[in-house]
Amino acid sequence: MKLKVASFAFAAGVLLAVAGPAAAHHSFAAVFDRNQPAKFSGVVTKIEWSNPHAWFYVDVKDDAGHVKNYACETGPPNILIRNGWRKDSLKVGDTVSISGYRAKDGTDTFSTSEVVLPDGRKVFSGSNADEDK
Amino acid sequence: MQNLFFRTLLLGASGLVLTAVPALAQAPAKAPAATCERPAEGFGCLASRPPATNGPTPRMADGKPDLSGVWQHPFVQDMTRDLPDQKGEPNIAQLFTPWGKANAVEEFDYTAFCLPLGYTRSINSPMPIEIEQRPGRIVMLYEMNNTFHMIYTDGRAHPKDLEPTWFGHSIGKWDGDTLVVDTVGFNDQTRIDTQGHPHTDKLHVIERITRTDLGHLSYDMTIDDPGAYTKPWKNVRTFHLRPDWELLEYNCNENNKEVMEGHLKPPAKK
């Protein structure tokens, strides 16, 4: 396994352009609200490489300077792996920009459709938000 | 395996660069026609382009086609829709019986609670299957929930007085080079697709599977359920061989935060 993470992250980014997000085990609408799209940036505090979804958490600062920790759902490891990602493709301390949808229950819980690192690489993108229309 | 996987991934990626770069540059996205017409459609599209697999249909010692292999199949969330590698029945709603109409809306998606997807949703899922064909039986291995199902091809009939199950009971017969799989004995706990099209325990599923060449399966599924629909209807798909893939692990209840943290609650009992 000689390839560096950056190489396959690039490959994955290229693939994502045609492949789109991954999917979950149930309908998107069961949990998330398509009418509440969200965009935010923050610093990754924790990663759970787990089934049936991987999750990561980001500290997000609001205009008043208050920090909240947002929970971000993405695809399961099998689908992330086939899109070229590994557990360490996203790291604690990374600053990321996220597009997604808020949970219907109004908590700071989001389905992520896109996760972008400062250098533009996309990682861990994998909600089924765009599939379940 | 990892080397092969990444080589294939990169090969696939380099093959896509020419068509994918305009999308990255914010020009109108135009995906390669052979791969995916709708980039946002996820595994309705192909996750990556399957490697070229030219060759004739492989055959068993008895001359019947051998369906074995790891197969990438389309993610079929809504059987009314036409998407790459899937052709739906647009008029399902017009086929409802009064019961079907009354039960057309699913109040919550049972799979969120890690219940079995059931037969039709397992092969609708975005995760691949492996088919292992042996004399007398065909073993279906689903990456979705790492589950399995047997299709008996030894000439037996369905047992009488089947107890209802999530996956039913399947027997297969050859019609020329097409395997015809007949499945009955379902419970009434599942839905036919993610969209939630309903069925009763009278559900009878007929699948026709043909390995048209080394790299492709032609697959169609007929839904015959006189409890829910006034006549049978069909969904037609193409599967792609993935010799570069192994089935991976997937489970539902390791960290099902949506339920464990209460983001998703079952509806109140009536």
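Residues numbered from 1 in each chain as written. Chains lettered and ligands numbered in written order. Predicted model: local features only at pLDDT ≥ 70, side-chain atom pairs only at ≥ 80, totals over all residues.

Okay, the overall build of chain B next. A tally of helices and strands in chain B yields four helices and ten strands. When the helices and strands of chain B are read in sequence order from the N terminus, they spell out α-β-β-α-α-β-β-β-β-β-β-β-β-α. The 270 residues of chain B split such that 41% are buried. Taking all contacts inside chain B whose residues are at least 6 apart in sequence as the whole, residues at least 24 apart take part in 57%. (Helix = DSSP H or I, 4+ residues; strand = E, 2+ residues; numbered from the N terminus. Buried ≥ 20, exposed ≤ 12 C-beta atoms within 10 Å, placed from the backbone. Contact = placed C-beta atoms within 7 Å.)

So, about the overall build of chain A. Each helix and strand in chain A was counted, giving two helices and five strands. Sequence-distant contacts in chain A: of pairs separated by 6 or more residues, those separated by 24 or more amount to 63%.

Our focus in this paragraph is the pairing of strand E9 (residues 216-224) of chain B. All names here are of chain B. Because side chains alternate across E9, one face comprises the buried residues Leu217, Tyr219, Met221 and Ile223, and the other comprises His216, Ser218, Asp220, Thr222 and Asp224, none of which is buried. Taken together, the nine bridges between strand E8 (residues 204-213) and E9 define a ladder with antiparallel strand orientation. Each residue of the ladder has a partner; that of Arg208, found in E9, is Asp220. Joining the antiparallel neighbours E8 and E9 is a turn of two residues. Relative to strand E10 (residues 233-241), E9 runs antiparallel, the two being bridged by eight bridges. Considered in E10, the bridge of Thr222 is made with Lys234. (Pairing = 2+ DSSP bridges.)

Residue and element names in this part refer to chain B. Here Thr53 lies in the loop between helix H1 (2-24) and strand E1 (69-72). Placed 160 residues apart in sequence, Thr53 and Asp213 show a C-alpha to C-alpha distance of 8.8 Å. When neighbours within four sequence positions are excluded, Thr53 is seen to be in contact with Leu214, Gly215, Leu241 and Pro243.

Attention now goes to the environment of Asn256 of chain B. Mapped onto the fold, Asn256 of chain B is located in the loop between E10 and helix H4 (257-260). Among the residues examined, Asn256 of chain B registers 20 C-beta atoms within 10 Å and is labelled buried.

All names here are of chain A. As judged from the eight bridges shared by strand E1 (residues 32-48) and strand E4 (residues 95-103), these two strands associate in the antiparallel manner. Note that in E4 the partner of Ser41 across the bridge is Ser97. Here E4 runs beside strand E5 (residues 109-116); their pairing, made up of six bridges, is antiparallel. Along E5, the bridge assignment pairs Gly100 with Thr112.

Counting 24 residues, the largest nonpolar core has Val44, Phe56, Val58, Cys72, Leu90 and Phe124 of chain A as its most contacted members. Elements supplying a minimum of two residues to this core: E1, strand E2 (55-61), strand E3 (67-73), helix H2 (77-82), E4 and E5 of chain A. Tallying contributions element by element places E4 of chain A first for this core, with four residues. Ile123, Met144, Leu179 and Leu217 of chain B belong to the second-largest nonpolar core, a separate cluster that totals 21 residues. (Core = buried A, V, L, I, M, F, W, Y, C linked by C-beta atoms within 7 Å.)

Turning next to the confidence of the model for chain B. All names here are of chain B. The predicted model of chain B averages 84 in pLDDT, with 81% of residues at 70 or higher. Across residues 1-46, where pLDDT falls below 50, the model places 90 contacts with residues more than four positions away in sequence or in other chains. Under the prediction, the complex receives an ipTM of 0.77, its pTM being 0.81. (pLDDT = per-residue confidence, 0-100.)

Residues and elements named next belong to chain A. Reading around the barrel, the five strands line up as E1-E2-E3-E5-E4 and close back on themselves, with mixed pairing between neighbours. Ignoring which end each strand starts from, the neighbouring axes of this sheet average 55° apart. In the sheet, E3 pairs with E5 via three bridges, with the strands oriented parallel. Residue Cys72 lies in a different strand from E5, and its bridge partner there is Phe110. (Axes fitted to C-alpha atoms, helices over the stretch in contact; angles between N-to-C directions.)

Residues and elements named next belong to chain B. Within the secondary structure layout, Arg208 lies in strand E8. Here Arg208 falls in the partly exposed class, since 16 other C-beta atoms lie within 10 Å of it. Between the alpha carbons of Arg208 and Val236 there is a distance of 9.4 Å; along the sequence they are 28 residues apart. In contact with Arg208, not counting residues within four places along its chain, are Thr178, Val180 and Asp220.

All right, on to unusual backbone geometry then. The amide bond that connects Asn51 of chain A to the next residue, Pro52 of chain A, takes the cis arrangement and shows omega of -5°. With respect to the helices and strands, Pro52 of chain A occurs in the loop between E1 and E2. One non-glycine residue, Asp161 of chain B, lies in the positive phi region at around 55°. Turning to its location among the elements, Asp161 of chain B is positioned in the loop between strand E5 (147-152) and strand E6 (169-175). Overall, the presence of 5 C-beta atoms within 10 Å leaves Asp161 of chain B in the exposed class.

This part takes up the confidence of the model for chain A. All names here are of chain A. On average, residues of chain A carry a pLDDT of 77, and 74% of them reach 70 or more. Note that pLDDT drops below 50 for residues 1-23; the model gives that stretch 82 contacts with residues more than four away or on any other chain. For residues 127-133, every residue scores under 50 in pLDDT, and the model assigns this stretch 35 contacts once sequence neighbours within four places are set aside.

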